Amino acid sequence: MESSNKTSVTNFILLGLSDVPHLQAICFLLFLLIYTITLLGNFLIIVVVGFAKLCSPMYFFLSNLSCVDICLSSTVVPRILVSTLSHDTSISFLGCAAQEYFLAALGATECMILAIMAYDRYTAICHPLHYNTIMNKTFCIYLTLGSWTVSFLNSVIHAFLTFKLPFCRSNKINHFFCEMPPLFRLSCKETLFNEILMYIAAGLMALSSFILTLISYIHIISSILKIKSTRRREKTFYTCASHLIVVMLFYGNILIVYMQPHSTFFPKRDRAVSIFYTAVTPMLNPIIYSIRNQVFLGALRKLVNKKMFLSRLLKIAIT
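About the cut-offs
Residues numbered from 1 in each chain as written. Predicted model: local features only at pLDDT ≥ 70, side-chain atom pairs only at ≥ 80, totals over all residues. Heavy atoms only, no water. Salt bridge = Lys/Arg side-chain N within 4 Å of Asp/Glu carboxyl O. Axes fitted to C-alpha atoms, helices over the stretch in contact; angles between N-to-C directions. Helix = DSSP H or I, 4+ residues; strand = E, 2+ residues; numbered from the N terminus. Parallel < 35°, antiparallel > 145°, perpendicular 65-115°, else oblique. Left-handed = near helix turned anticlockwise from the far one by under 90°. Contact = heavy atoms within 4.5 Å. Nonpolar A, V, L, I, M, F, W, Y, C, P; charged D, E, K, R; others polar. Disulfide = S-S within 2.5 Å. Buried < 20%, exposed > 50% of the residue type's maximum accessible area, 1.4 Å probe, protein only. Lys, Arg positive; Asp, Glu negative; His and termini not counted. Polar contact = N/O pair within 3.5 Å; in protein donor to acceptor, adjacent residues only side chain to side chain. Pairing = 2+ DSSP bridges. 1 Å grid on protein atoms, 1.4 Å probe; cavity = no way out; pocket = protein on both sides within 12 Å on 5 of 7 lines; lining within 4 Å. Points joined across faces, edges and corners; volume = space filled by probe spheres on them. UniProt positions renumbered as here; feature names shortened; annotations may be inferred. Core = buried A, V, L, I, M, F, W, Y, C linked by side-chain atoms within 4.5 Å.

### What to know about the pattern of salt bridges
- Across all of its chains, the model carries 1 salt bridge by this definition.
- Salt-bridge contacts for Asp-120 lead to Arg-121; the nearest nitrogen and oxygen are separated by 3.0 Å.

### Looking at the packing of helix H4 (residues 93–126) against helix H6 (residues 137–162)
- Relative to each other, H4 and H6 sit at 150°, their axes nearing to 8 Å. Taken together, the axis directions place H4 and H6 in an arrangement best described as roughly antiparallel. In the packing of H4 onto H6, the handedness of the crossing is right-handed. In this structure, H4 uses Glu-100, Tyr-101, Phe-102, Ala-104, Ala-105, Leu-106, Ala-108, Thr-109, Met-112, Ile-113, Ile-116 and Tyr-119 to contact H6, whose residues at the interface are Phe-139, Leu-143, Thr-144, Ser-147, Trp-148, Ser-151, Phe-152, Ser-155, Val-156, His-158 and Ala-159.
- Of the residues assigned to the contact of H4 with H6, the class counts are 16 nonpolar, 6 polar and 1 charged.

### Considering the state of the cysteines
- Counting across every chain of the model gives 1 disulfide.
- No disulfide involves Cys-126; its nearest neighbouring cysteine sulfur is the one of Cys-240, lying 9.5 Å away.
- By relative accessible area, which is 21% here, Cys-126 ends up partly exposed.

### Some points on the side chain of Glu-195
- Examined against the element boundaries, Glu-195 turns out to sit in helix H8 (residues 192–225).
- This buried residue, Glu-195, is left without a salt bridge; Arg-185 holds the nearest opposite charge, at 7.1 Å.
- Among the polar contacts made by the side chain of Glu-195, one reaches the side chain of Thr-191 at a distance of 2.9 Å.

### Re the pairing of strand E1 (residues 11–14)
- Only one face of E1 is covered, namely the face carrying Phe-12 and Leu-14; the face carrying Asn-11 and Ile-13 is uncovered.
- Across 3 bridges, the pairing between E1 and strand E2 (residues 90–92) is antiparallel. Opposite Asn-11, over in E2, you have Ser-92 as the bridge partner.
- Two strands pair when backbone bridges link them, and E1 and strand E3 (residues 172–173) are joined in this way by 2 bridges, in the parallel orientation.

### Things to note about the sheet that holds E3
- In spatial order, the strands read E2-E1-E3; together these 3 strands make up an open sheet with mixed pairing. Edge positions in the open sheet fall to E2 and E3, since each of these has one partner strand only.
- Against the sheet, H4 makes contact with E1, E2 and E3, and its axis sits at roughly 85° relative to E2, the strand it touches most.

### Some points on the layout of surface pockets
- There is about 310 Å³ of room inside the largest pocket.
- Lining the largest pocket are 18 residues, and of these Met-58, Tyr-59, Tyr-238, Thr-239 and Asn-293 sit closest to its centre.
- Contributions of two or more residues to the lining of the largest pocket are made by helix H3 (57–86), H4, helix H9 (230–258) and helix H11 (294–318).
- In terms of residue count, the dominant contributor to the lining of the largest pocket is H9 (6 residues).
- Considered class by class, the residues forming the lining of the largest pocket number 9 nonpolar, 5 polar and 4 charged.

### Focus: the UniProt feature "transmembrane region" (unreviewed entry) in the protein
- The feature "transmembrane region" (unreviewed entry), as annotated in UniProt, sits at residues 23–52, 59–81, 101–119, 139–161, 196–225, 237–260 and 272–291 in this numbering.
- For residues 23–52, the end-to-end C-alpha separation is 43 Å, with 97% helix and 0% strand making up the annotated structure.
- Between the C-alpha atoms that bound residues 59–81 there is a distance of 32 Å. The span itself is 100% helix and 0% strand.

### Some details on the nonpolar core
- Judged by nonpolar contacts, the single largest core of 27 residues is most densely connected at Leu-62, Leu-65, Leu-114, Met-117 and Tyr-289.
- Where this core is concerned, the elements lending two or more residues are helix H2 (21–51), H3, H4, H9, helix H10 (267–291) and H11.
- By size, the runner-up hydrophobic cluster in this structure holds 22 residues, among which are Tyr-35, Phe-152, Phe-176 and Ile-275.

Structure representation (C-alpha cells):
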C-alpha cells in the first residue's frame, strides 16, 4: 500500500503564494527586486575581490560566501518567479528532491563558511604575529573545500531518506518551496527517524559551527577589552562587526526552522523565516560587508576609476 501511494505522487503543489492577483503581482515584483540585488551585490564582491587582487583570507572566504548566497537564492527565487507568472505552482517529484537537496547542502555550507570566517577573525585579532603562518593559502583552500564537500555529501543522505517516504496524505506542500519539515507532514509513515537525523545533522553542523563561532567571538571580545586605547579597540571591533551581524541574521533563522519540535508548526511564521534566510539574507550579506568595509570600497573605487580611464583612452583611440 505504501509503495503504490508513494509511486502515485509524480508532482507536488506549492501553496506558499497567494491566489489574490494583486498580491501575486506585489510578490513577483518584490522577489524580482530581491533576486536582482542579490545577484548584483554578490557578483560585485566576487569581481572586486578577483580583479582588485584582495588576497587576504578574509576576502577569499567572503567570495565563497557570495557564491553560496548566489546559489542558495537561485535554488528558490527563480522558481517562485516562474510559478507566479505562469500561475502554475506544481513542481515535479525530481524537481522537489533536487531543490530540497541543494537547499540543505548550501545552508550547511554557509554555516561552515561563517564559522571559518569567525576563526579567521579570531586568528587575526588574537594571534596577529602568527596569522599568515596559520591562515596560509593551502589551509584556507582545504577549509573551504572541506565545507563544500561535507555539506553536499551530508545532504545526499537527507534527500534520499526524505524522498523514500510514502507521500500518501497529500501532494500539497504548505510552503514556498520543498523543504524537509513540510515534506515530513505529507507522509503517512512515521517520520521520527528522519526528524532525529535532521536534528543530529543540525547539531553536528549548524550548532557546532555556531558554537565554534561563539567561542571565537568570546576570545575576540576578551582580546579587544584588553586593548587600552579606545580608538584601537573600536577599530579592531569594526573589522568583525559585519560578520557578527551576518552570523546573527543567518543562525537565528536556521535555528527557528530546523531546531523546533514537530508539534510547534506555524506555517505562516515558518514560511516567512525560510524566505528570509533563502532570499533576504543573501541579499543583505553583500550590502553589510561592502558598506562597512573601507578596503573593499577603496578597491571598488580604483576599479571604477580604472574602467573610466580605459574607456576614455578607447574613445580617444577610436576618434
